[in-house]
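# Structural features, examined
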Amino acid sequence: MFELLPRTGLVLPRNAGVLHFGVSERAAQWAVSTLADVRTTWVCQAGWAFTACYEGLELLFYGDCADRLGRPDHDRPGFAAASLRRCEAGPTQPSAVPVVLGDVDLFGYPAAEVLAVVGPRPYPEMRLSPASSPAGYVPEVWFSAADASSPA
């Protein structure tokens, strides 16, 4: 189970620990590599980024973002944001691994039910992507250390 901890980070499955916002690229890659193969990638304005696939989920982590550093409310280098996305297009069933926010499995119930409880933006620094069909499931959740659009 992945557990989203707003403004803190992400609890990784299989006792792999908590990936705290602000940790270095090396520490983030090390933690995620205990679950899956890590591959570097590119994200606009990020100093580093990597992906991994875990039981039907594509994980994207990135940090040292140019639009965040140097701002008093965002002056935390290191791990800044992540996306957990279902690998299949237009998921129509629960994910093999839960992705939990509080008491809600975001990928475990139809999107309409999840959005009725938490909404499409449960926190300013978190977004849920809409399902592609009325009976579909949430395909992706994105979250960050702090809302990048908030005023400095």
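Coordinates for the structure precede this section.
Right, let's walk through the structure included here.

Analysis parameters
Residues numbered from 1 in each chain as written. Predicted model: local features only at pLDDT ≥ 70, side-chain atom pairs only at ≥ 80, totals over all residues. Heavy atoms only, no water. Pairing = 2+ DSSP bridges. Helix = DSSP H or I, 4+ residues; strand = E, 2+ residues; numbered from the N terminus. Phe/Tyr/Trp six-rings, centres within 6.5 Å; stacked < 30°, edge-to-face > 60°. Buried < 20%, exposed > 50% of the residue type's maximum accessible area, 1.4 Å probe, protein only. Lys NZ or Arg CZ within 6 Å of the ring centre and 35° of its normal. Contact = heavy atoms within 4.5 Å. Axes fitted to C-alpha atoms, helices over the stretch in contact; angles between N-to-C directions.

In space, the five strands of this open sheet follow the order S3-S2-S1-S8-S9, with mixed pairing throughout. Each of the sheet's edge strands pairs with one partner strand only, and the pair in question is strand S3 (18-20) and strand S9 (104-105). Alignment of strand S2 (residues 9-11) against S3, held across three bridges, turns out to be antiparallel. Residue pairing for S3: Leu10 is matched across the bridge by Leu19.

This brings us to the packing of aromatic side chains. Here a ring pair, both rings aromatic, is described through the centre-centre distance and the interplanar angle of the planes. One pass over the full model with this rule turns up six aromatic pairs. Ring geometry for Phe21 and Phe143: centres 5.9 Å apart, planes at 65 degrees, overall edge-to-face. On the criterion of sequence distance, the pair formed by Phe21 in the loop between S3 and helix H1 (25-33) and Phe143 in strand S11 (residues 140-144) is long-range, its members being 122 residues apart. According to the relative accessible area criterion, Phe21 is buried, its value standing at 5%. Stacked on the ring of Trp142, the Lys or Arg Arg127 has its end atom at 4.1 Å from the ring centre.

Note: strands within a sheet are paired through backbone hydrogen bonds, in either parallel or antiparallel orientation. Pairing in this open sheet of six strands is antiparallel, and the strands run S4-S5-S6-S7-S11-S10 from one edge to the other. The strands lining the two open edges of the sheet, one partner per strand, are strand S4 (39-40) and strand S10 (126-128). Both S4 and strand S5 (residues 46-54) contribute to a ladder of two bridges, which runs antiparallel. Paired with Thr40 across the bridge in S5 is Phe50. Sitting on the sheet, H1 touches S4, S5 and strand S6 (57-65), and the angle it makes with S5 is about 0 degrees.

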